[in-house]
Amino acid sequence: VQLQASGGGLVQAGGSLRLSCAASGGTFSIYRMGWFRQAPGKEREFVARIRRAGGSTYYSDSVKGRFTISRDNAKNTVYLQMNSLKPEDTAVYYCAANNDVAYTDPVEYRYWGQGTQVTVSS
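Residues numbered from 1 in each chain as written. Predicted model: local features only at pLDDT ≥ 70, side-chain atom pairs only at ≥ 80, totals over all residues. Heavy atoms only, no water.

Peer 1: For the pairing of strand S1 (residues 2–6), give the residues involved together with the corresponding values.
Peer 2: Residue alternation in S1 divides its side chains into a buried set, Leu3 and Ala5, and an unburied set, Gln2, Gln4 and Ser6. Where S1 and strand S3 (residues 17–24) come together, 5 bridges link them in antiparallel fashion. Across the sheet, Ala5 pairs through a bridge with Cys21, a residue of S3. (Buried < 20%, exposed > 50% of the residue type's maximum accessible area, 1.4 Å probe, protein only. Helix = DSSP H or I, 4+ residues; strand = E, 2+ residues; numbered from the N terminus. Pairing = 2+ DSSP bridges.)

If you want it as structure tokens, here you go:
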């Protein structure tokens, strides 16, 4: 499966962005999907994940209550709605997919998108 992330940009602190990740080349509904981010000089970190049917989600403590992951299997797309953005949310955001069990470790995801830059100014 190929993943294409979009929706990043420059936003002021307190603002919102919605990231999208479009999948192609596979049966999207069978994949567990996740969002990760990587800031300069830091390791890639887990942000959120969603199960196949979309009924179960999980977030890192740093984004819980501010970010929402969702998916539309009819559109082969997963979303990350980001509200109340903070400067520390600045990073390249990646979507990832796996057709088997996948939680919060990047190594559990087989497929990756190219990343989209999110910059939050103070």
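Peer 1: Explain the side chain of Arg66 to me, and be specific about the residues and the numbers.
Peer 2: Within the fold, Arg66 resides in the loop between strand S6 (57–59) and strand S7 (67–72). At 2.8 Å, the side chain of Arg66 and the backbone oxygen of Ser62 are in polar contact. Apart from the residues within four sequence positions on either side, Arg66 is in contact with Gln81, Met82, Asn83, Ser84, Leu85, Lys86 and Asp89. (Polar contact = N/O pair within 3.5 Å; in protein donor to acceptor, adjacent residues only side chain to side chain. Contact = heavy atoms within 4.5 Å.)

Peer 1: Got a sec to walk through the state of the cysteines? Specific residues and values, please.
Peer 2: In a disulfide, the sulfur atoms of two cysteines are held together by a covalent bond. Summed over all chains, the structure comprises 1 disulfide. The residue that forms a disulfide with Cys21 is Cys95, at a sulfur-sulfur distance of 2.0 Å. On the S-S bond that ties Cys21 to Cys95, the torsion sits near 60°, and the link is right-handed. Pair noted here: Cys21 is in strand S3 and Cys95 is in strand S9 (residues 91–98), with a separation of 74 residues, a long-range link. When its relative accessible area of 0% is taken as the criterion, Cys21 is described as buried. (Disulfide = S-S within 2.5 Å.)

Peer 1: Any chance you could break down the sheet that holds strand S8 (residues 77–82) for me, citing the residues and the numbers?
Peer 2: Taking strand neighbours across the sheet as the criterion, the 4 strands line up as S1-S3-S8-S7 in an open arrangement whose pairing is antiparallel. Two strands bound the open sheet, and with one partner strand each, they are S1 and S7. Pairwise comparison of adjacent strand axes, ignoring direction, gives a mean angle of 15° for this sheet. Bridge count between S7 and S8: 6 bridges; the pairing is antiparallel. Note on S8: the bridge partner recorded for Ile69 is Leu80. (Axes fitted to C-alpha atoms, helices over the stretch in contact; angles between N-to-C directions.)

Peer 1: Describe the environment of Ala74, and please don't skip the residues or the numbers.
Peer 2: Tracing the sequence through the fold places Ala74 in the loop between S7 and S8. Residues Ala74 and Leu17, 57 residues apart in the sequence, show an inter-C-alpha distance of 22 Å.

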